[in-house]
Amino acid sequence: MKRVAVIGASLAGLRSVEALRRLGHDGEIAWVGAEKHLPYDRPPLSKQVLEGRWGSERLFLRQNYDELEVEFHLGRSAARLDERFVELDDGRRVEFDGLVVATGASPRQLPDGRDLEGVFTLRSLDDALAIEKKMQRGPRVAIVGAGFIGLEVAACCRTRGLEVTVIESAAVPLGQAIGEVLGQCVADLHRSRGVDLRCGRTVTGVEGTERVSGVRLDDGSLIAADLLVVGIGVKPNTDWLDGSGVDVDDGVVCDATCQTSRPDVVAAGDVARWHHELFDESVRVEHWTNAAEQADAAVRRLLEPEAEKKPFVSVPYFWSDQYDTKMQMAGRYRPGDEMRWVERPEDASGDDKPRLVALFGRGGRLTGALTLNRPAKLVRYRRAIAERVSLDDAL
Amino acid sequence: MKIVVDFDSCQSHGLCTQAAPEVFEIRDDGFLYILQETPGEELRAKVEKAVRECPTTAIKLEE
Ligand SMILES: Cc1cc2nc3c(=O)[nH]c(=O)nc-3n(C[C@H](O)[C@H](O)[C@H](O)COP(=O)(O)OP(=O)(O)OC[C@H]3O[C@@H](n4cnc5c(N)ncnc54)[C@H](O)[C@@H]3O)c2cc1C
Ligand code: SF4
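None of the values given here were measured: they were computed from a predicted structure. (Residues numbered from 1 in each chain as written. Chains lettered and ligands numbered in written order. Predicted model: local features only at pLDDT ≥ 70, side-chain atom pairs only at ≥ 80, totals over all residues. Heavy atoms only, no water.)

1. Considerations on the overall build of chain A
When helices and strands are counted, chain A shows 8 helices and 26 strands. By the compact-globule yardstick of 21 Å for 395 residues, chain A fits well, its C-alpha radius of gyration being 22 Å. The principal-axis extent of the C-alpha atoms belonging to chain A is close to 60 × 60 × 35 Å. The 395 residues of chain A split such that 56% are buried. Contacts spanning at least 24 positions in sequence make up 61% of the contacts within chain A whose residues lie at least 6 apart. (Helix = DSSP H or I, 4+ residues; strand = E, 2+ residues; numbered from the N terminus. Rg over C-alpha atoms; globule rule 2.2 N^0.38 Å. Buried < 20%, exposed > 50% of the residue type's maximum accessible area, 1.4 Å probe, protein only. Contact = heavy atoms within 4.5 Å.)

2. Here we look at the domain arrangement of chain A
Residue and element names in this part refer to chain A. Along its sequence, chain A is organised into domain 1 (3–106 + 235–303), domain 2 (109–230) and domain 3 (324–394). The contact between domain 2 and domain 3 buries some 930 Å² in all, and 79% of this surface belongs to carbon and sulfur atoms. In this structure, Arg 193 and Asp 324 form a salt bridge, with 3.1 Å as the shortest nitrogen-oxygen distance. At the junction of domain 2 and domain 3, the tally comes to 1 residue pair in polar contact (both at pLDDT 80 or more). Of all the secondary-structure elements, those providing two or more residues to the side of domain 2 that touches domain 3 are α4 (175–178) and α5 (180–192). A per-element tally of the side of domain 2 that touches domain 3 places α5 first, with 5 residues. (Domains from an automatic or database assignment. Buried area = accessible area lost by both parts, 1.4 Å probe. Salt bridge = Lys/Arg side-chain N within 4 Å of Asp/Glu carboxyl O. Polar contact = N/O pair within 3.5 Å; in protein donor to acceptor, adjacent residues only side chain to side chain.)

3. Side note on the confidence of the model for chain B
A residue-level look at chain B finds 100% of positions with pLDDT of 70 or above and a mean pLDDT of 92. Complex prediction metrics read pTM 0.95 and ipTM 0.87. (pLDDT = per-residue confidence, 0-100.)

4. Overview of the site of ligand 2
In the region of ligand 2, the neighbouring residues are B:Cys10, B:Gln11, B:Ser12, B:His13, B:Gly14, B:Leu15, B:Cys16, B:Leu32, B:Cys54, B:Thr56 and B:Ile59. Here the shell around ligand 2 is composed, by residue class, of 6 nonpolar, 5 polar and no charged. (Near = heavy atom within 4 Å. Nonpolar A, V, L, I, M, F, W, Y, C, P; charged D, E, K, R; others polar.)

5. As for the pairing of strand β2 (residues 28–33) of chain A
Residues and elements named next belong to chain A. Here β2 lies mainly inside the structure; 5 of its 6 residues are buried. Taken together, the 5 bridges between strand β1 (residues 3–7) and β2 define a ladder with parallel strand orientation. Looking at the pairing, Ala 5 lines up with Ala 30 of β2. Tracing the backbone out of β1, into helix α1 (residues 11–22) and back to the parallel element β2 gives a crossover that is right-handed. Pairing between β2 and strand β3 (residues 71–74): 4 bridges, direction parallel. Looking at the pairing, Gly 33 lines up with Leu 74 of β3. (Pairing = 2+ DSSP bridges. Right-handed = clockwise from strand over helix to strand, strands pointing away.)

6. Focus: the nonpolar core
Residues and elements named next belong to chain A. Counting 70 residues, the largest nonpolar core has Val 86, Leu 99, Val 101 and Trp 240 as its most contacted members. Here this core gets 8 residues from one element, more than from any other, and that element is helix α6 (residues 288–303). In this structure, this core is formed jointly by two domains, domain 1 (3–106 + 235–303) and domain 3 (324–394), each of which donates at least three residues. Dropping the residues within four chain positions of it, Leu 99 is found in contact with Ala 5, Ile 7, Leu 81, Val 86, Trp 240, Asp 264, Val 265, Val 266 and Leu 302. Membership of the second largest hydrophobic core comes to 45 residues, among which are Phe 148, Leu 151, Phe 360 and Leu 372. (Core = buried A, V, L, I, M, F, W, Y, C linked by side-chain atoms within 4.5 Å.)

7. Structural notes on the site of ligand 1
All names here are of chain A. Around ligand 1 there are 34 residues in total, and Ser 10, Glu 35, Arg 42, Lys 47 and Arg 123 lie nearest to it. Between Ser 10 and ligand 1, the recorded distance is 2.7 Å, taken from a side-chain N or O atom to an oxygen atom. Contacts to ligand 1 include Glu 35, whose side-chain N or O atom sits 2.6 Å from an oxygen atom. For ligand 1, whose unbound accessible area comes to 1000 Å², protein coverage reaches 93%. At the level of elements, α1, β2, α3 (148–159), α6 and β22 (317–322) are the ones that each hand at least two residues to the shell around ligand 1. Looking at the shell around ligand 1 residue by residue, the class counts come to 16 nonpolar, 10 polar and 8 charged. Of the domains in this structure, domain 1 (3–106 + 235–303) and domain 2 (109–230) are the two that each give at least three residues to the shell around ligand 1. (Areas by Shrake-Rupley, 256 points an atom, 1.4 Å probe, with all protein chains shown as cover.)

Laid out in structure tokens, this is it:
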């Protein structure tokens, strides 16, 4: 393969470029990234950056780019994919023999209010720095969506002593991701730290002219706010693939080996949807570790198309830091899965940190594990999930 | 090959222990322990994987 183009210059893109060189690709690499920054790490944005503890200088994922020998197109986005080239937004054509799609995802917006001053979504470094600046002025904060981003922002606000209301349409936070019982534990954690958490409520309108003054809820109440952070999920960045022959369905559709419907194109990271053989379901995983691991698998597939097809079966892993609590999860949870306690929150003794360990299962098999402040346990369960251990044996 | 972990950055994610269990271990106290500070060359690929998978880039290799 003479020339590989990598589209997207964040974690999955960087790990793809690194894997290309590590696995011996000595041809050219063209690397296109829409942001003007070199690849940086996103998880600290909703943690250390919004707590006001870290500036941007600690976030960059790599220092030395010379040895990677890439042709950089930073601050440019891919507008269209053709047979043998990618057309950039300035009309330039970047040719390739093989292509890695690593364009990630972008936040969903509320239908109105997005142009008002003080209304933000959080995905990029620029978003985080703008929100942090606003926080310094001691605003009243409203957050729409009690997903991971919303909850982490809420935790940062409380740590800084700001008043914060979180509005969530479901009955508990994170219900889709971790189930109702554990979602309730997360709700308790935030309420105990002074978050005004309103579940089962939806936002019907954003109030304000020029700048935001509050949000209106479906029960008629008005939450006053000078800072509104919208965390209602993301949408994979695939518009540029329209008409390219690469199939898209809530993400770039890949086979079990990260190859798309075009043999010269692979995908990795938040943008990729593939058939996960271990869980026998179609998945798209929006977590750090997946982006890092999948880039490796996708690049292997691209460089060795004739090699034995190895499915990408890494067990999903994520963490989230809220206050002094580290939540970690391995595997998958789907509504309806069975849940069993290994350690209940009320078993915790000694210090006041919440601790819990819970397992998920499907058809008697262990498919997921979630812990609060129990890192050693999680490591073991992640391995057990990969080994298809039964739920009974895991306990 | 010498392993150096920045314990201020390490957040006990434990991904290194999965990439290279011969070298890294998280014990029940929740802390990371290094089992061999200068592992043999046969472990290099695993250790390099651990370096890449650590979400806080806490692990460094000194030759
Ligand atoms: C605030 C925040 C906190 C997070 N915290 C955690 C956490 O605690 N734990 C965890 O496991 N995960 C966390 N994540 C998720 C994790 O950061 C993502 O899974 C990871 O960034 C995915 O990497 P990626 O490279 O696939 O996509 P992205 O990071 O989304 O990068 C895609 C890049 O491609 C660029 N791009 C898009 N379209 C184009 C185009 N047409 N042409 C060129 N470039 C394009 C984008 O600008 C972007 O730079 C967090 C994410 C955010 C935003
Ligand atoms: S992967 Fe990194 S953060 Fe996690 S335990 Fe290992 S060194 Fe620490």
